[in-house]
Amino acid sequence: MPVIIQYTITASSEEAAHKTATSICYEQSVELPDDVLTDEIRNTRVGRFDEIIPGGPFKWKIAVTFPDENVGDEITQFLNVLFGNVSMFGNVQIDAVDWQKLPKSLFRGPKFGIDGVRELLGIKTRRAL
């Protein structure tokens, strides 16, 4: 199931916002420019947005749909898709994530549980501070 992430872009024009939106799709998907991609990669791996919606003065809203294969089943890969290199863009903010569409395997919890962590640390009982 594809993952949808909503962003706000600060830009001087819709054209500039469109350029940033396209950069988000490529940077968060394949981290390569369009001209080096095969049609198959471009059509199956690059995130997509349908429209740019005005969101106030110099603000534009987009919803990017990323293929679920890009997210995989590891939280670190999801975080990279969510806000990896785009975190360095000074004009992009995450507004929302469609958490329902994320694979449940991303949120498995701690590997050992609290009892396993206590055992690893040699803590036999819990004490108040």
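Parameters at a glance
- Residues numbered from 1 in each chain as written.
- Predicted model: local features only at pLDDT ≥ 70, side-chain atom pairs only at ≥ 80, totals over all residues.
- Heavy atoms only, no water.
- Helix = DSSP H or I, 4+ residues; strand = E, 2+ residues; numbered from the N terminus.
- Rg over C-alpha atoms; globule rule 2.2 N^0.38 Å.
- Buried < 20%, exposed > 50% of the residue type's maximum accessible area, 1.4 Å probe, protein only.
- Contact = heavy atoms within 4.5 Å.
- Areas by Shrake-Rupley, 256 points an atom, 1.4 Å probe, with all protein chains shown as cover.
- Patch = residues over 30% accessible without salt bridge, like charges linked within 9 Å, V, L, I, M, F, W, Y side chains within 5 Å.
- Salt bridge = Lys/Arg side-chain N within 4 Å of Asp/Glu carboxyl O.
- Core = buried A, V, L, I, M, F, W, Y, C linked by side-chain atoms within 4.5 Å.
- Expected span 1.5 Å × (residues − 1).

Peer 1: Residues and numbers for the overall build of the protein, please.
Peer 2: Across its full length, the protein carries five helices and five strands. Each helix and strand of the protein, ordered N terminal to C terminal, gives the series β-α-α-β-β-β-α-α-β-α. Taken over the C-alpha trace, the protein has a radius of gyration of 19 Å; the compact-globule value for 129 residues is 14 Å, which it surpasses by more than 25%. Projecting the C-alpha coordinates of the protein onto the three principal axes gives extents of approximately 60 × 35 × 25 Å. Per-residue burial for the protein yields a buried fraction of 29% across its 129 residues. A sequence separation of at least 24 residues applies to 64% of the contacts in the protein between residues at least 6 apart. Looking at the protein as shown, the accessible area adds up to about 8700 Å², and 54% of this sits on carbon and sulfur atoms.

Peer 1: Which residues make up a nonpolar patch on the surface, and what are the values?
Peer 2: Together, Phe112, Ile114, Val117, Leu120, Leu121 and Ile123 line one region of the surface with nonpolar side chains, adding up to about 600 Å² of accessible area. Within the fold, Ile114 resides in helix α5 (residues 113–121). We classify Ile114 as exposed; its relative accessible area is 54%.

Peer 1: Explain the nonpolar core residue by residue, including any values.
Peer 2: Ile5, Tyr7, Ile9, Ile24, Ile62, Val64 and Phe78 are the most contacted members of the largest nonpolar core, which has 28 residues in total. Those elements giving two or more residues to this core turn out to be β1 (3–10), α1 (14–27), β4 (59–66), α4 (75–83) and β5 (92–97). A per-element tally of this core places α1 first, with five residues. Once residues lying within four places of it in the same chain are set aside, the contact partners of Ile62 are Ile5, Gln6, Tyr7, Ile9, Ala21, Ile24, Phe49, Glu51 and Ile52.

Peer 1: How would you summarise α1 if you had to cite specific residues and measurements?
Peer 2: Taking 1.5 Å as the rise per residue, α1 with 14 residues should run 20 Å; its terminal C-alpha atoms sit 20 Å apart, in good agreement. Three or more residues of α1 are buried, namely Ala17, Thr20, Ala21, Ile24, Cys25 and Tyr26. On the buried face of α1, the contacting elements are β1, α2 (39–44), β2 (48–49), β4 and β5.

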